[in-house]
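For reference, the chains in residue letters:
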Amino acid sequence: MVINFKIEKKEGLARTGELSTAHGIIRTPAFMPVGTAATVKAMLPESVKETGADILLGNTYHLMLRPTAELIAKHGGLHKFMNWDKPILTDSGGFQVMSLSKLRKITESGVTFQSHLDGTSYDLTPERSMEIQHLLGSDITMAFDECTPFPATEEQARISMELSMRWAERSKNAFIAREGYALFGIVQGGVYPHLREKSATALKSIGFDGYAVGGLAVGEGQKLMFDVLDVTTPHLPDDKPRYLMGVGKPDDIIGAVMRGIDMFDCVIPTRSGRNARAYTDAGEQNIMNAKFKDDPKPLMEGCPCPSCKSYSRAYLNHLFRADEMLGPMLLTWHNLTFYQTLMSGIRAAIAKNQLAEFAHGFLTKYRANIKSDEKEI
Ligand SMILES: [Zn+2]
C-alpha cells in the first residue's frame, strides 16, 4: 500500500473520504487548481492554500521544457521550488504534447515533438514521463497516455486506447514505488462503452493506486460525458480514487460526483478569473458588464474570499476596464474560493446523505439565469 484511500461515507455512487499522500491528506471529492508552470497564475501559493485547496496540478509538458525537471530536482523538487508543501499531482505530458507542440510524431515507443517555445526536438516516452514526474517529486504521477481526440471513429479510438494500455504497463514498470507516492492509470476508449470497459479491465490487471478517466471534456458535451462515466465507473475498483481529468464547470463536477468521481482539475476558475468571468451561486457573471459599473455590492454575498469581503462589484469592474493586474488576481481568488466552497459543500452533503438535495438546491439557483434551452443535462 503506497497511499491510503479511506472512504468515509457513500450516497448512491458518490463517496466522500480521504486520500493520504507523502505531503498530506486530500479530502475527496477534491478540486485541484491548475499550476501549469509551477505557479497558479495570479495567485501566491499561500493564497491558494487559503482557498481550501488540498492539492495542485502541475504540467509535465511545460515544466520539462522550462525550466526542466532536472533544474527543479536540483532545487529540491517542485514542492520546494514553488513553495507549496501540500500534495501535487502531475499529468504525464501526453495531452499537452498533442495540443501544444509542433510536428509531433507518435510511434510505439512514444512521441517525438518540437517545443512550442523554441522548436527544439524532444522525445517523450512512458519511461521518460515517469522519470520527469519522479524528478519533480509528484505525490501522484499519471501514466503516459494518448488522449484520444474527439470525434474519433471506433477503430481510431480502439487503436489509440490499446496503445495507451501498452504505455500504461510500461509506465507501471518504470514507476519507482515508494510510501506516500501514487501512480494512476488512465481509462481511454472515446465514447464507446465496450472500449471503456476493455480499457478499465486492462488497467485493473496492471494494477494502479488510482484510476483516471481521460479523453473527456474535449468537445463531446456534458450529456455524452455523463453517458461515458455511467459506463466507465462501474468497471473501476470501488476502493481506489477516481479522477476525471480536465473537468470542469460546477454542474459538470456535481454530476460527475453523483456518478462516483473523487477528483477533478480544470483551468476554468483561474482562466475565467483572468478574463473577468466570475463563478457565483447565481451562475456565471462577466464583471466587465455595464450593470456592475456602479454596483456597491460584493461580487457574491457570504463568500469568504478577500475579494468579496473587501471590494465592490464597481471596483472590480473598474479594475478590469482599466486593465489593472489586481482585477485578475481578485477574481481568480474568488473563483478558486467558490470552487473549494462547492467541494466542501459536496463533501458535507454526502456525509449527511443529502447530496441529492444539495445538488438540486445549488443547480436551481446556479441555473436560474440560464436560458431554458441550455439547462438540460
Ligand atoms: Zn468571493
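Here, the structure is the one placed above.
Along each chain, residue indices are assigned from 1 in the same order as the chain's sequence is written. For a predicted model such as this one, the threshold for reporting local features is a pLDDT of at least 70, and the threshold for listing and counting side-chain atom pairs is 80 or more; totals across whole chains, interfaces and linings nevertheless cover every residue. Here the side-chain values reflect all heavy atoms present in the structure, with hydrogen atoms and water set aside.

**Here we look at the environment of Arg313**
- Note that Arg313 resides in helix 13 (residues 313-321).
- For Arg313, a relative accessible area of 17% puts it in the buried group.
- Linking Arg313 and Pro296, residues 17 residues apart in sequence, is a C-alpha distance of 6.1 Å.
- The contacts of Arg313, once residues within four sequence positions are left out, are Ile287, Phe292, Asp295, Lys297, Pro298 and Leu299. Only DSSP runs of H or I covering at least 4 residues are called helices, and only runs of E covering at least 2 are called strands; the numbering of each starts at the N terminus. Residue exposure (1.4 Å probe, protein chains only): buried if accessible area is under 20% of the type maximum, exposed if over 50%, otherwise partly exposed. Note on contacts: a residue pair qualifies if any of its non-hydrogen atoms lie within 4.5 Å across the two residues.

**Some thoughts on the sheet that holds strand 1 (residues 4-11)**
- Should DSSP find at least two bridges between two strands, the strands are taken to pair. Taken in spatial order, the three strands of this open sheet run 1-2-3, and their pairing is antiparallel. Since the sheet does not close on itself, it has two edges, and those belong to strand 1 and strand 3 (24-28), each with one partner. With direction set aside, neighbouring strand axes in the sheet form an average angle of 10 degrees.
- Direction of pairing for strand 1 relative to strand 2 (residues 14-21): antiparallel, over a ladder of seven bridges. Looking across to strand 2, one finds that Lys9 is bridged to Thr16. All axes here are fitted lines through C-alpha atoms, helices being fitted over the stretch that makes contact, and every angle between N-to-C directions spans 0 to 180 degrees.

**Section: the packing of helix 7 (residues 154-174) against helix 8 (residues 193-206)**
- Between helix 7 and helix 8, the shortest axis-to-axis distance is 10 Å and the interhelical angle comes to 10 degrees. In this view, helix 7 runs roughly parallel relative to helix 8, as classed from their interaxial angle. Each of Glu154, Ala157, Arg158, Met161, Met165, Ala168, Glu169 and Lys172 in helix 7 lies in contact with helix 8, whose residues at this interface are His194, Leu195, Lys198, Ser199, Ala202, Leu203 and Ile206.
- Just so you know the grouping, Ala, Val, Leu, Ile, Met, Phe, Trp, Tyr, Cys and Pro go in nonpolar, Asp, Glu, Lys and Arg go in charged, and all remaining residues, Gly too, go in polar. Across the contact of helix 7 with helix 8, the residue classes tally to eight nonpolar, two polar and five charged. Angle categories: roughly parallel below 35 degrees, roughly antiparallel above 145, roughly perpendicular from 65 to 115, and oblique for all the rest.

So, to be careful, I would describe these as geometric facts and stop short of saying anything about function.
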